[in-house]
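Architecture at a glance
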Amino acid sequence: MATVRDTTYGLLRELDLTIIFGNPGSTEEPFLQGFPADFRYVHALHEASAMAMADGYAQATGRPAHVNLHTAPGTGNGMGNLVTAWHNKTPLIVTAGQQNREMLLIEPRLASRRAAELTQPYVKWSYEPVRAQDIPAAFMRAYATAVQPPAGPVFLSLPLDDWDRPADPSPQVREVATRYAPDPVRLRDFAAVLAASRSPVLVLGAAVDRAGAWPAAVALAERLAAPVWSAPAPERAVFPEDHPHFRGVLPYAIGPLAEALRGHDTVLVLGAPVFRYYPHVPGDYLPAGARLLHVTDDPDESARAPVGESALGDAGLTLAGLLDLLPATDRPAPAARPEPEPPAESSPPSADALFAALARHWPADGVLVQESPSNLAALRRRLRITRPGSYFTMASGGLGFGLPAAVGIALAERDTGRGRPVVAVIGDGSFHYSVQALWTAAQLRLPLPVVVPVNHQYAILKAFAELKHTPGVPALDLPGLDVAAVARGYGCAAEVVDRLDQLGDALGAALAADRPTVLPVPISLDVPRIL
Ligand SMILES: Cc1ncc(C[n+]2csc(CCOP(=O)(O)OP(=O)(O)O)c2C)c(N)n1
């Protein structure tokens, strides 16, 4: 007779979920025992890394991923990157073991108290099956929940004594929709507003990239002769950044954002929250006289927007619908933004000079994964993303995503056969939050260069403190850290890049290597302004 374990693995196979990212414990061993030869276990040394590797893998493959964690403490360790997966809208099926049902009443060691509550509110659904036999069907429901819009993580708590129980018949493998089209009446209303607009502007979010809708976004921008901004603090690149209509990334503060949109009468925000702010800089949400149209596939995102009218729908389907409805305009196309001045020379170099050098050596089909907080503006100014699915960072603001996500994305590039080079740029503070991901990358022999701008400080927090007039904050400096030694300890190659004229060769060697290479680059201690 089939066991719950047999039926579950059979279902996972049918759902094409044969990779498990995780870190095992006693409460997971009964599930993992006799691990099937056609499954792969991607071993992370810490649950934060498991979660973000799975997130990166899911985003880069465009499919959900399965993360298996150790009961309450392991789930707790994974929480930071679960918060990020929620904001990233990444479909993850997160499972964790639970102690033996027969002992749960007396709460033995490693029992997860109120397991289904632990991951709230950062999951779409959380469940501990009432009966062992419900586990396979709970996986099916978890899958359907995770992938339906808005996509996101789900959580299952799975008692360790359930796996050898006799199973019910296998649940039906169900296909569910992963996108929906906007209400045609609202779409027509939005198109009419845009058609009558004197000066429309597009603000695009990560959902455009997730939907594979760059060509439609370009077509709409050109049809409307409208400039295009990326929504603030974007987790993906949304538009070819060398396109003359592209204006850059909007500032992530209320007043400055409205200022950047001044002069426009219609603001179409597609596939992003309205808006993702960070420091509080008061002001109006929109410039005077502007009307905001918001398209999202997330009703919660729509409900919490402080201004604007909204339509619910997939970014790609909405763009296609608007293109069907909108005539060409006779407005002149916006002029291209000026190229930035060459960076100033200094020793050690500025982050600006480092990223200008990185851009010179950037592989045409390169994928950038970044977590370089204070220097992000410089990175985005110098290194323009010109192809879809080529830029990833966290939507949440939580550090410890970038490095493991880069590992998951590099693995996906290999598994899908696309083989695009993946390069991570990770601040020397951010580097340490999920640093063990380096070991997994080394074990998987991933040719992943990790460029680490070393400024020995939490520069962005110094910038925030300056903006907010909060002097005297402790713990903003990082003395005594040897990034290269840490990297070597995890099995990576490492080479300090003291001069920028060494960067091209170092990057080339790292991309040709059969293991990750960490490239610490000492940079100047300048603290860029936060806005
Ligand atoms: C999990 C988590 N812990 C703490 C923070 C607060 N934080 C934001 S940026 C930052 C410093 C980042 O330092 P580094 O990577 O060196 O980049 P820099 O600001 O120097 O460019 C910290 C500690 C956070 N965002 N997430």
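Conventions we followed
- Residues numbered from 1 in each chain as written.
- Predicted model: local features only at pLDDT ≥ 70, side-chain atom pairs only at ≥ 80, totals over all residues.
- Heavy atoms only, no water.
- Helix = DSSP H or I, 4+ residues; strand = E, 2+ residues; numbered from the N terminus.
- Rg over C-alpha atoms; globule rule 2.2 N^0.38 Å.
- Contact = heavy atoms within 4.5 Å.
- Areas by Shrake-Rupley, 256 points an atom, 1.4 Å probe, with all protein chains shown as cover.
- Lys, Arg positive; Asp, Glu negative; His and termini not counted.
- Charge placed at Lys NZ, Arg CZ, Asp CG, Glu CD.
- Near = heavy atom within 4 Å.
- Polar contact = N/O pair within 3.5 Å; in protein donor to acceptor, adjacent residues only side chain to side chain.
- Nonpolar A, V, L, I, M, F, W, Y, C, P; charged D, E, K, R; others polar.
- Salt bridge = Lys/Arg side-chain N within 4 Å of Asp/Glu carboxyl O.
- Buried < 20%, exposed > 50% of the residue type's maximum accessible area, 1.4 Å probe, protein only.
- Axes fitted to C-alpha atoms, helices over the stretch in contact; angles between N-to-C directions.
- Parallel < 35°, antiparallel > 145°, perpendicular 65-115°, else oblique.
- Left-handed = near helix turned anticlockwise from the far one by under 90°.
- Phe/Tyr/Trp six-rings, centres within 6.5 Å; stacked < 30°, edge-to-face > 60°.
- Lys NZ or Arg CZ within 6 Å of the ring centre and 35° of its normal.

1. Description of the overall build of the protein
- Across its full length, the protein holds 19 helices and 18 strands.
- Against the globule reference of 24 Å for 531 residues, the protein gives a C-alpha radius of gyration of 24 Å, in line with a compact fold.
- With the C-alpha coordinates aligned to their principal axes, the bounding extent of the protein is approximately 70 × 60 × 45 Å.
- Counting contacts in the protein only where the partners sit at least 6 residues apart, residues at least 24 apart contribute 77% of the total.
- Here the protein displays about 21,200 Å² of accessible surface, and carbon together with sulfur accounts for 53% of that area.
- Once the 44 positive and 54 negative side-chain charges of the protein are each reduced to a mean point, those two points are 3 Å apart.

2. A short note on the site of the ligand
- The local shell around the ligand holds 17 residues, among which Ser-374, Gly-397, Gly-429, Ser-430 and Ile-460 are the closest.
- Here a nitrogen atom of the ligand sits 3.0 Å away from a polar atom, N or O, in the main chain of Leu-399.
- Between the ligand and Gly-429, the relevant distance is 2.8 Å, taken from an oxygen atom to a main-chain nitrogen or oxygen of the residue.
- Here the ligand loses 79% of its free accessible area of 580 Å² to cover by the protein chains.
- Its residues placed into classes, the shell around the ligand shows seven nonpolar, nine polar and one charged.

3. Let's talk about the pattern of salt bridges
- Going through the model one piece at a time under the given rule, you end up with 27 salt bridges.
- Put simply, Arg-5 and Asp-164 hold a salt bridge, and the shortest N to O gap is 2.8 Å. Taken as a pair, Arg-5 in helix H1 (residues 4-14) and Asp-164 in the loop between strand E6 (154-159) and helix H7 (184-195) lie far apart in primary sequence, 159 residues in all.
- With a relative accessible area of 11%, Arg-5 lands in the buried category.
- A salt bridge links Arg-382 to Asp-352, with the shortest nitrogen-to-oxygen separation between them at 2.9 Å.

4. Here we look at the packing of H7 against helix H12 (residues 315-325)
- Between H7 and H12, the shortest axis-to-axis distance is 10 Å and the interhelical angle comes to 60 degrees. By the angle between their directions, the pair H7 and H12 is classed as oblique. The two elements H7 and H12 meet at a crossing, and its hand is right-handed. From H7, Leu-187, Arg-188, Phe-190, Ala-191 and Leu-194 reach across to H12, where they touch Thr-318, Gly-321, Leu-322 and Leu-325.
- Of the residues that constitute the contact of H7 with H12, the class distribution is six nonpolar, two polar and one charged.

5. Section: the packing of aromatic side chains
- According to the stated counting rule, one finds 14 aromatic pairs in the structure shown.
- When the ring of Trp-86 is compared with that of Tyr-122, the centres are 6.3 Å apart and the planes differ by 85 degrees; the resulting orientation is edge-to-face. Of the two residues, Trp-86 sits in helix H4 (residues 71-88) while Tyr-122 sits in the loop between helix H5 (115-118) and strand E5 (126-127), which places them 36 residues apart along the sequence.
- Trp-86 gets classed as partly exposed once you look at its relative accessible area, which sits at 30%.
- Relative to Tyr-285, the ring of Tyr-277 has its centre 6.4 Å away and its plane inclined at 35 degrees; by these criteria the two rings are tilted.
- Accessibility expressed as a relative area gives 33% for Tyr-285, which makes it partly exposed.
- Through a chain of ring-to-ring contacts, the aromatic side chains of Tyr-9, Phe-31, Phe-35, Phe-39, Tyr-41 and Trp-163 assemble into a single cluster.
- Its guanidinium or amino end placed over the ring of Tyr-391, Arg-380 lies 4.1 Å from that ring's centre, counting from NZ or CZ.

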